[in-house]
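What follows is each chain in one-letter form.
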Amino acid sequence: MAQEYEQLKLKNQLCFPMYACARKIVNAYGPYLKPLGLTYTQYIVFMVLWEKESVNVGQLGETLDLDAGTLTPLLKRLEKEGYVTRRRSEEDERITIVTITDKGNALKEKCKDIPLKLAEAGSPLTEKEGRELYRLLHKFMDD
């Protein structure tokens, strides 16, 4: 009979409920993003660009905790669709600067109600619990 290890039981893992919740949250965005032709990852890239307008790929990756292998094809697609432009930095040509276009900024209007619609869909958490979860998740991420 195989030896049982408590530390290997799924029910004892912090990572699994975090993973499952993340998937559930990303899936909740689907009905709002799909009609716009966006993935959740593209949506969070837009959130950064709507706030900053222009950012280098390294900063974008650091902000979103995404690597260049994920960002490069995503940004190429957004550029092809006319939502962003990419150019080499004049100071350091190894750095690529991403800038949102007018078309990308116009998408902001179509997305502005998404957070409200998700909030209206309800959460099993109270407002206080939500704030505490947010604080704890950021504490975990900042480690």
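Quantities reported herein were computed from a predicted structural model and do not represent experimental measurements.

A. Main features of the sheet that holds strand 2 (residues 84-88). Spatial ordering of the open sheet is given by 1-3-2, a layout of 3 strands whose pairing is antiparallel. Two strands lie at the open edges of the sheet, namely strand 1 (54-56) and strand 2, each paired on one side alone. Ignoring which end each strand starts from, the neighbouring axes of this sheet average 25° apart. In the sheet, strand 1 pairs with strand 3 (residues 96-100) via 3 bridges, with the strands oriented antiparallel. Along strand 3, the bridge assignment pairs serine 54 with threonine 99. Relative to strand 3, helix 2 (residues 40-52) is tilted by about 80°, and along the sheet it contacts strand 1, strand 2 and strand 3.

B. How the structure looks around helix 4 (residues 68-80). The terminal C-alpha atoms of helix 4 lie 18 Å apart, and with 13 residues this matches the ideal 18 Å at 1.5 Å per residue to within 8%. For helix 4, the complete set of buried residues consists of Leu71, Leu74, Leu75 and Leu78. Buried residues in helix 4, looked at end-on, bunch into an arc of 100°, giving them a common side. Exposed and oriented more than 90 degrees from the buried face of helix 4 are Gly69 and Lys80. Lining the buried residues of helix 4 we find helix 2, helix 3 (57-64), strand 2 and strand 3. Among the residues of helix 4, the N-terminal cap falls to aspartate 67, whose side-chain oxygen and the backbone nitrogen of glycine 69 are separated by 3.1 Å. Trailing helix 4 by a residue or two, glycine 82 shows a phi angle of about 85°, which is positive.

Cut-offs used in this document
Residues numbered from 1 in each chain as written. Predicted model: local features only at pLDDT ≥ 70, side-chain atom pairs only at ≥ 80, totals over all residues. Heavy atoms only, no water. Pairing = 2+ DSSP bridges. Helix = DSSP H or I, 4+ residues; strand = E, 2+ residues; numbered from the N terminus. Axes fitted to C-alpha atoms, helices over the stretch in contact; angles between N-to-C directions. Contact = heavy atoms within 4.5 Å. Expected span 1.5 Å × (residues − 1). Buried < 20%, exposed > 50% of the residue type's maximum accessible area, 1.4 Å probe, protein only. Arc of directions from axis to C-beta. Polar contact = N/O pair within 3.5 Å; in protein donor to acceptor, adjacent residues only side chain to side chain.

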